[in-house]
Amino acid sequence: MERAVNRLRNVQQLKTNRMASPQGVCVPDSSLRERRQKDKEERLSLLLWRRPVTTLHYFLLETLIKLKEWTLKLWQRRGIVCFFLVLCSLFSILYSMEGAHQEYVQHLENKLLWCAYWVGLGILSSVGLGTGLHTFLLYLGPHIASVTLAAYECGSIDFPEPPYPDQIVCPQDEAMDSGISLFSIMSKVRLEACMWGAGTAIGELPPYFMARAARQSGADPDDEDYEEFEEMLEQAEGAQDFVTRAKLGVQHMVQKVGFFGILACASIPNPLFDLAGITCGHFLVPFWTFFGATLIGKAIIKMHIQKLFVIITFSKHIVEQMVSLIGSVPKVGPALQKPFSQYLEAQRNKLHHAGGSVPADENWLAWVFEKVVLVMVCYFVISIVNSMAQSYGKRLQQQRHTEEKTK
């Protein structure tokens with residue numbers, strides 16, 4: 001780590017020497033900064049609601065370029081691809097053959113699809129294609145809350161196997177057990193939560209690989225976060241605002257403490273963790289040091305903290321107190337309390353009657369939540385389109401600057 005820091009200081013010193021005149025007076029490269037700022041403003045104008053035709057056109061072109069790049073990468077690793085295809089073929093044969101093994105095949109299929117579902121949601125939450133989809137608030141949090149409410153209502157956690165978020169039914173052949181504990185509910189949702197946390201850890205890898213490749217090759221990376229990171233390092237001495245100091249705090253912790261610094265940053269809700277990935281890649285931290293600490297922090301430590309918070313918040317007595325507090329609000333309290341009470345009562349009835357449904361006039365809370373989810377998913381898709389269009393715009397700008405230099 002110290003060697004990497006020394007190399008960074010040497011690079012910064014060389015940059016300073018290049019910018020200095022023979023008399024030792026520093027000549028700021030203002031024209032370059034102005035050009036970069038102008039290019040950035042031009043790229044940021046590529047938005048669907050500002051320039052829809054150009055944005056969609058650039059998005060399609062960038063999609064074709066990405067598909068071509070991924071195809072070439074797969075061709076370069078055709079041995080691994082062939083091995084994976086052979087495994088898929090064998091599994092397909094086993095899947096289609098009749099026999100006693102079908103029970104195990106079906107069980108394995110359900111588990112793999114269930115795990116892949118939550119891993120995918122975790123990746124979408126942290127991969128940051130323009131903006132992450134808040135899948136914890138939209139999917140995992142409500143899932144844990146529904147299991148918690150059902151556990152207290154049923155007095156048991158012996159629900160059917162997933163996908164039970166669609167319909168959780170209380171077991172009818174067992175006596176009610178009033179000894180439901182936090183740990184029993186946590187164990188019920190442990191698989192989903194850990195898979196989601198593992199997905200968020202995987203989603204943090206692109207900034208790490210980008211910064212690592214840029215540092216090893218010496219080329220300018222095609223990423224604005226990395227450019228901001230380098231500017232932050234150059235201006236570290238005069239940083240005064242809170243955001244910059246917070247970013248520097250994350251960078252210093254990761255740089256000086258190493259594995260345990262990464263673990264600490266990954267174990268708490270941290271919107272600046274992308275900076276930790278860039279820092280580790282820039283200082284050539286070994287992959288398994290970064291990913292191992294990130295995986296442990298996000299999939300184990302952080303997820304247990306988040307699970308505990310959601311389970312406590314939606315425990316039976318807390319929910320009853322919250323509904324009671326809503327009713328105590330002057331004037332509008334009783335009107336707001338009624339739909340919440342009706343919705344909770346309808347959910348309790350569903351738990352005791354398989355195939356039960358909530359009447360349409362009492363289910364407006366679920367309707368509102370569904371529309372919120374739809375709006376956020378649409379915004380996420382739009383942000384991906386904008387981000388890829390801006391990426392293609394940056395390709396055109398770099399090509400234009402290269403042609404200007406060769407003239």
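Here's a quick rundown of the structure. (Residues numbered from 1 in each chain as written. Predicted model: local features only at pLDDT ≥ 70, side-chain atom pairs only at ≥ 80, totals over all residues. Heavy atoms only, no water.)

**Points about the nonpolar core**
- Formed by 24 residues in total, the largest nonpolar core has its most connected members in Leu140, Phe159 and Trp196.
- Once residues within four sequence positions are removed from consideration, leucine 140 is found in contact with Trp118, Thr135, Glu192, Ala193, Trp196 and Met303.
- Core analysis: the second largest hydrophobic core is formed by 15 residues, Ile262, Cys265, Phe273 and Ala293 among them. (Core = buried A, V, L, I, M, F, W, Y, C linked by side-chain atoms within 4.5 Å. Buried < 20%, exposed > 50% of the residue type's maximum accessible area, 1.4 Å probe, protein only. Contact = heavy atoms within 4.5 Å.)

**Remarks on the pattern of salt bridges**
- For the structure shown, the criterion picks out five salt bridges.
- A salt bridge links glutamate 62 to lysine 66; its shortest N-O distance comes to 4.0 Å. A residue pair is termed a helical-turn pair when its members lie 3 or 4 positions apart in one helix, as glutamate 62 and lysine 66 do in helix 3 (residues 52-76) at four residues.
- Lysine 66 gets classed as partly exposed once you look at its relative accessible area, which sits at 26%.
- Between glutamate 62 and arginine 395 there is a salt bridge, and its shortest N-O distance comes to 2.8 Å. You can see glutamate 62 sitting in helix 3 and its partner arginine 395 sitting in helix 17 (residues 364-406), a full 333 residues away along the chain.
- Here the salt bridges share partners, and the residues they tie into one network are Glu62, Lys66, Glu69 and Arg395. (Salt bridge = Lys/Arg side-chain N within 4 Å of Asp/Glu carboxyl O. Helix = DSSP H or I, 4+ residues; strand = E, 2+ residues; numbered from the N terminus.)

**Focus: the packing of helix 4 (residues 78-96) against helix 5 (residues 102-126)**
- Contact geometry for helix 4 and helix 5: axes closest at 9 Å, N-to-C directions at 125°. Here helix 4 lies oblique to helix 5, going by the angle between them. Every pair of crossing elements has a handedness; the one defined by helix 4 and helix 5 is left-handed. In this structure, helix 4 contributes Phe91, Leu94, Tyr95 and Ser96 to the contact, and helix 5 contributes Gln102, Val105, Gln106, Leu108 and Glu109.
- Among the residues forming the contact of helix 4 with helix 5, the class breakdown is five nonpolar, three polar and one charged. (Axes fitted to C-alpha atoms, helices over the stretch in contact; angles between N-to-C directions. Parallel < 35°, antiparallel > 145°, perpendicular 65-115°, else oblique. Left-handed = near helix turned anticlockwise from the far one by under 90°. Nonpolar A, V, L, I, M, F, W, Y, C, P; charged D, E, K, R; others polar.)

**What about the side chain of threonine 294?**
- Tracing the backbone shows threonine 294 in helix 14 (residues 287-313).
- Of the residues examined, threonine 294 reaches a relative accessible area of 0% and is grouped as buried.
- A polar contact of 2.7 Å, which involves the side chain of threonine 294, links it to the backbone oxygen of phenylalanine 290.
- Beyond its immediate stretch of four places on either side in the chain, threonine 294 contacts Ala201, Glu204, Ile262, Ala266, Phe273 and Ala299. (Polar contact = N/O pair within 3.5 Å; in protein donor to acceptor, adjacent residues only side chain to side chain.)

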